[in-house]
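# Per-entry structural report
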Amino acid sequence: MTSIPVTVRPMTAADHPVAERLWLMFRHDMADFQGGLPRPDGTYHSDRLRAALDGDDWTAYLFTSGDSPVGFAFVRALSGPERVLNSFFIVRGARRSGIGLTVVREVIARHPGRWRIAFQDANTAGVAFWRRVATELAGDAWTEERLPVPHRPDAPPDVWISFTPSPAAPPH
């Protein structure tokens, strides 16, 4: 695995068009696991995107390598007892390069405390990635549970990992 240089920074209003394009790629990828077709205009629902960019108690991060956007993370519940990594995406050309682990460590380090992250059982790469993240950041002190997807009785349950990074977790 070769790591390419990556920067993590909060999104600004100027980043919104890039975020919208990355969101389309993310939703397209997630359709493999959650179903869902684009709307007639070719877009996907974007309520979480809007909340992450403009909502209270949310923050959005853009990942770049040089001038190229390579992904994003949306974090919600910043003032609550548990931070939630609501959406996380790395473009296909940057996957398996070490970027994912690098950026998730940095995002989590920016918001100390307990974390919850959801993924789908059918996303085998995601399952392995998020279990590795939890183990690297919290050792054996993490839990996993399956919960129904709100307002989607037809969807398989989400898998939720919960953990608090240990003080000995590797630095970002």
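Preceding this paragraph is the structure being described.
Owing to the predicted nature of the structure, the values given are computational and were not obtained by experimental measurement.

### Some thoughts on the overall build of the protein
Tallying secondary structure elements over the protein gives four helices and seven strands in all. Across the protein, helices and strands are ordered from the amino to the carboxyl terminus as β-α-α-β-β-β-α-β-α-β-β. Restricting the contact set of the protein to residue pairs at least 6 apart, pairs at least 24 apart contribute 60%. About 9000 Å² of surface is accessible on the protein, with carbon and sulfur atoms providing 56% of the total.

### Considerations on the side chain of H16
Relative to the helices and strands, H16 resides in helix α1 (residues 16–34). Those residues in contact with H16 that sit more than four places away from it in its chain are L53 and D54.

### A look at the sheet that holds strand β1 (residues 7–10)
The strand order across the open sheet formed by seven strands is β1-β2-β3-β4-β5-β7-β6, and the pairing between neighbours is mixed. Every other strand in the sheet has two partners, leaving β1 and β6 (142–147) as the edge strands with one partner each. Taken pair by pair, the neighbouring strands of this sheet meet at an average axis angle of 25°, ignoring direction. On top of the sheet, helix α3 (residues 99–109) reaches β1, β2 (58–65), β3 (68–76), β4 (82–90), β5 (114–120) and β7 (158–163); it is set at about 150° to β4, its chief contact. Across the face of the sheet, helix α4 (residues 124–138) comes into contact with β4, β5, β6 and β7 while running at roughly 10° to β7.

### Details of the nonpolar core
The biggest cluster of nonpolar side chains holds 42 residues, and the ones touching the most others in it are F63, L85, F88, W130 and F163. If near-sequence neighbours (up to four positions away) are discounted, W130 is found in contact with L85, F88, V104, I117, F119 and I161.

### Comments concerning α4
Between its first and last C-alpha, α4 extends 21 Å over 15 residues, near the 21 Å set by a 1.5 Å rise per residue. All of the buried residues along α4 are G126, V127, W130, V133, A134, L137 and A138. All buried residues of α4 project into a common sector of 135° when viewed along the axis, lining one side. In the core, the buried residues of α4 are packed alongside β4, α3, β5, β6 and β7.

### A closer look at the pattern of salt bridges
All chains considered together, the criterion is met by ten salt bridges. As a salt-bridge pair, R110 and E106 come within 2.6 Å of each other at their nearest N and O atoms. Residue E106 is classed as buried on the basis of its relative accessible area of 17%. Residue R146 is joined to E144 by a salt bridge in which the shortest nitrogen-to-oxygen separation is 3.3 Å. Looking at R146, the relative accessible area reads 40%, which means it is partly exposed. Three or more residues are tied together by salt bridges with common partners; here these are E82, R114, R116 and E145.

### What about the environment of F63?
Tracing the backbone through its elements, the reader meets F63 in strand β2. On the basis of relative accessibility, which here comes to 0%, the residue F63 falls in the buried class. Along the backbone, F63 and V6 are 57 residues apart, and their C-alpha atoms lie at a distance of 6.5 Å.

### Focus: the side chain of S87
On the secondary structure map, S87 appears in strand β4. S87 gets classed as buried once you look at its relative accessible area, which sits at 2%. A polar contact is formed between the side chain of S87 and the side chain of N86, at a distance of 3.2 Å. What S87 contacts, discounting residues up to four positions off in sequence, is W23, F26, R48, F72, A73 and F74.

Rules used in this analysis
Residues numbered from 1 in each chain as written. Predicted model: local features only at pLDDT ≥ 70, side-chain atom pairs only at ≥ 80, totals over all residues. Heavy atoms only, no water. Helix = DSSP H or I, 4+ residues; strand = E, 2+ residues; numbered from the N terminus. Contact = heavy atoms within 4.5 Å. Areas by Shrake-Rupley, 256 points an atom, 1.4 Å probe, with all protein chains shown as cover. Pairing = 2+ DSSP bridges. Axes fitted to C-alpha atoms, helices over the stretch in contact; angles between N-to-C directions. Core = buried A, V, L, I, M, F, W, Y, C linked by side-chain atoms within 4.5 Å. Buried < 20%, exposed > 50% of the residue type's maximum accessible area, 1.4 Å probe, protein only. Expected span 1.5 Å × (residues − 1). Arc of directions from axis to C-beta. Salt bridge = Lys/Arg side-chain N within 4 Å of Asp/Glu carboxyl O. Polar contact = N/O pair within 3.5 Å; in protein donor to acceptor, adjacent residues only side chain to side chain.

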